[in-house]
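So you can see what is in the structure, the chains are spelled out below.
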Amino acid sequence: MATSSTFDSLVSTLSSTERREMLERIRAGIVFDEEPVERQLEPAESDAEYAYLTMGMWQKLFVLLRMVFGALSKEEAVEEHLMKGLARRLRSDAANFVDVSSAQFLPDFKAEIAKLKSAAGFFGGPVGRVRSAGLDSFYSFVLGLESPDIRDELLVYTDPFILSSRMEDADEHTIRREAEGRFSELMGSIPAWVRNSMQTNAAFLESLTALTGFDFDEMLSCFEPVGGEGDDERCEVDHLRPPLQNLGRILKGLAPPPSAAFVEALILFDGDLGRADQDLESVLNERTAGLQRRLDVVRGFARRVPFFDIVRYAVGDLSYRLPTPATGQGWKSRVEQFWSRRMESLFQLYSFEQKKEDLLAQARDLIDDDEVRPPSQYPARPGRRHGTHATSIALLQALLIKVRDGGYAATLKTLFVQGAFYKEENRAEFNEYYGELEDLLNAVGAFFVRIDDGGDLQASVKEARREDGDSETALDRVDEAADRLVHRGVETLHGLSEVLRGVLYGEVGGRYDTLSNLDEVAGRDNKAFRGRLDDVLSFAKSAASVLSSMYDVERTSARRRAALRRHEP
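Given the structure is predicted, the values throughout are model-derived calculations rather than measurements. Throughout, residues of each chain are indexed from 1 in the direction in which the sequence is written. Only residues with pLDDT of 70 or above have their local features reported here, since the model is predicted, and side-chain atom pairs are shown and tallied only from 80 upward, although totals for entire chains, interfaces and linings are computed over all residues. Neither water nor hydrogens contribute to the side-chain values; these are computed over all heavy atoms in the structure.

*Asks:* What is the right way to look at the overall build of the protein in this model?
*Replies:* A helix here means a DSSP run of H or I that spans at least four residues, while a strand means a run of E at least two residues long, and both kinds are numbered starting from the N terminus. Helices and strands together make up the secondary structure of the protein, namely 23 helices and 4 strands. We call two residues in contact when some of their heavy atoms are within 4.5 Å. Restricting the contact set of the protein to residue pairs at least 6 apart, pairs at least 24 apart contribute 77%. Note on areas: Shrake-Rupley with a 1.4 Å probe; residue coverage comes only from the protein chains shown. With an accessible surface of roughly 27,900 Å², the protein has 47% of that area assigned to carbon and sulfur atoms.

Following this line, the structure appears as structure tokens:
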């Protein structure tokens, strides 16, 4: 069963304003590196001609000599000169990472790769949750942290329940048109700085996802002791050429920093934040700081290691450019898809509520205009007014009371006492349904006692909420108990109507045969009795239909509400 995140549970008692203030306090306490990586992975593009023009006199002379005595073109001579310059830089800046003379990577480079592997493993958890829930949900969640005002307006203007309270007497079509129009306006009003931040975040997430899936073991396994066991481990540069290029593309995509809201989102999004009695802000600060430390390892790699020079050296091509990393395009369409689906789900729920009102109107006709009121003691899940089957169980009780007190029970008793069934199985079925009517009414009464204060079902819900805040299992037990009773009610009323239809209108030898003494039951009152029996048949048939439809509406509505609560934006 879908459940809300731990974060939802922990802050369920906070208002929207209080939740926002809490996140702002957390953000203020985070020291977050939002600067681009200082040592760029790639310099600006240049060609051999430009490189030659910027050389000093002696460098140009050397290039000319190589052209004459080495039979090289100008471009080849410049490239050779620049490659030698690259080797000199590596001897100076990366002497602890690569041995240019032997073309081998050194133990310090392996250690840096191992640090990246460890950090990437940490991100496997939050990135895995994001991928499991879907990018549509996550990007919408990030947008809500980046721009709470946009999120709050979307929550209002895509919700038909809120709009219907503001647009009195408007039909569903008018409300839907208003919601779709406002949704389009709001998505078009996202500020440019938010759009830019979201695209940067989306690109960062794509590269971070690639990092978690990168095969670091392939690189680490290439390092072997130079002599024997215990000697320094080295790796031939040629062996790491392909993985270095792949890793370079990923690190290039991680160079632009994500926003602080993105870091918060990775922590908050469906994460296990501990028990409800813990200090939420302390927990969030601790988790966010831990995630930041791993980000520093990843983004600090480019500061500690001249990685692009190393890749060009390994490739042997000074003009080599790292492949274009993820761009983050498409985040907005994913957010639009999320809100469109959410809006459609809410309108389906709204339609269910309208259907429920129609069913309640039909029920009032059956029970002489009495109102069916869901029992207030039926425990509800967060965000709902009533428990899952609260209306169905109340309707079942009202229908059974109508049978008992509306004269239907007396008519059925006459049939029970005087009716002579052709088939014994028909007699057995009628006896079962007849007895079940009274048994069900008693069982429903017992259920209400169980969910009242002091009842075992109510007590289990309160205990679960008090101890760990997770009352889903206890609420499931309440729903299952109600579900069984409503199911019994539908089967009983439907089965009774089938037997009565056979009694009044069945054919000899049919599935439900008529009575052998139908014209004699109730004596002189036989004609009126048959009329009353027809009324019972009509009631049972209508009652089964209304109760079954109400049960289906409530069950489907509960599933959709649970899905909506899984990842609120």
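Having seen the structure, we can now continue with the description.
*Asks:* Explanation requested: the side chain of Thr158 in the structure shown.
*Replies:* Topologically, Thr158 is positioned in the loop between α8 (148-157) and α9 (160-166). Burial classification: accessible surface area is computed with a 1.4 Å probe over protein chains only, and a residue below 20% of its type maximum counts as buried, one above 50% as exposed, and the rest as partly exposed. Its relative accessible area of 0% is what places Thr158 among the buried residues. Any pair of N or O atoms that falls within 3.5 Å is considered a polar contact. Within protein, one atom must be able to donate a hydrogen and the other to accept it, and sequence-neighbouring residues count only if both atoms are side-chain atoms. A polar atom in the side chain of Thr158 sits 2.5 Å from the backbone oxygen of Leu154. With residues near it in sequence (within four places) discarded, Thr158 still touches Ala179, Phe183, Trp339, Arg342, Met343 and Leu346.

*Asks:* Please explain the environment of Gln292 as it appears in this structure.
*Replies:* Along the chain, the position of Gln292 falls in helix α15 (residues 280-304). When its relative accessible area of 7% is taken as the criterion, Gln292 is described as buried. Expressed as a C-alpha distance, the spacing of Gln292 and Val263, which sit 29 residues apart in the sequence, is 7.7 Å.

*Asks:* Explain the sheet that holds strand β3 (residues 224-225) to me, please; I cannot follow it from the model alone.
*Replies:* Consider a sheet: its strands pair through backbone hydrogen bonds, and that pairing is either parallel or antiparallel. One open sheet holds the 4 strands; their spatial order is β1-β2-β4-β3, and the pairing between them is antiparallel. The open sheet has two edge strands, β1 (98-99) and β3, and neither has a second partner. As defined by bridge partners, β3 adjoins strand β4 (residues 233-236) across 2 bridges and the pair is classed as antiparallel. Residue pairing in the sheet places Pro225 in a bridge with Glu233 of β4. Here, strands pair whenever DSSP counts at least two bridges between them.

*Asks:* Please explain the pattern of salt bridges as it appears in this structure.
*Replies:* Opposite charge on two side chains makes pairing possible when the charged atoms of those side chains draw close. A side-chain nitrogen of Lys or Arg and a carboxyl oxygen of Asp or Glu constitute a salt bridge if their distance falls within 4 Å. Inspection of the entire model under this criterion finds 31 salt bridges. Note that Asp136 is salt-bridged to Arg334, the shortest N-O span being 3.1 Å. With Asp136 in helix α7 (residues 135-146) and Arg334 in helix α17 (residues 331-366), this pair connects stretches of sequence that are 198 residues apart. Take Arg334: its relative accessible area is 32%, and that puts it in the partly exposed class.

*Asks:* Can you help me understand the nonpolar core in this one?
*Replies:* The tendency in soluble globular proteins is for nonpolar side chains to be buried as a group. Of all hydrophobic cores here, the largest spans 83 residues; its most connected members are Phe105, Phe109, Phe138, Leu211, Leu244, Leu247 and Phe307. Considering each element in turn, this core owes the most residues, 8 residues, to helix α6 (residues 107-133). Beyond its immediate sequence surroundings of up to four residues, Phe105 is in contact with Phe97, Val98, Phe223, Glu233, Arg234, Cys235, Glu236, Val237, Leu240, Leu244 and Ile310. Only buried residues count toward a nonpolar core, which is a set of Ala, Val, Leu, Ile, Met, Phe, Trp, Tyr and Cys residues joined through side-chain atoms within 4.5 Å. Counting residues in each nonpolar core, the second largest holds 67 residues, with Leu346, Ala394, Val461 and Leu537 among its members.

*Asks:* Just to check I follow, could you spell out unusual backbone geometry for this structure?
*Replies:* It is generally the case that most residues other than glycine have a negative phi and that most peptide bonds are trans. Phi is positive for Asp169, which is not a glycine, with a value near 70 degrees. With respect to the element layout, Asp169 can be found in the loop between α9 and α10 (172-188). We classify Asp169 as exposed; its relative accessible area is 82%. With a phi close to 70 degrees, Ala522 is a non-glycine residue in the positive phi region. Inspection of the secondary structure puts Ala522 in the loop between α22 (472-505) and α23 (526-566).

*Asks:* When you look at the packing of aromatic side chains in this model, what are you seeing that I'm missing?
*Replies:* Where two aromatic rings form a pair, the distance of their centres and the angle of their planes describe that pair. A pair of aromatic rings is counted whenever rings of Phe, Tyr or Trp (Trp by its six-membered ring) have centres within 6.5 Å, and the orientation is called stacked for planes under 30 degrees apart, edge-to-face for over 60 and tilted otherwise. Applying the stated criterion across every chain, the model contains 15 aromatic pairs. Counting every residue linked through ring pairs, the aromatic cluster contains Phe138, Tyr139, Phe204 and Phe262. Counting as a charge over the ring demands two things of the Lys NZ or Arg CZ atom: a distance within 6 Å of the ring centre and an angle within 35 degrees of the ring normal. Across the ring face of Phe122, the terminal group of Arg294 is positioned such that the distance to the ring centre comes to 4.2 Å.

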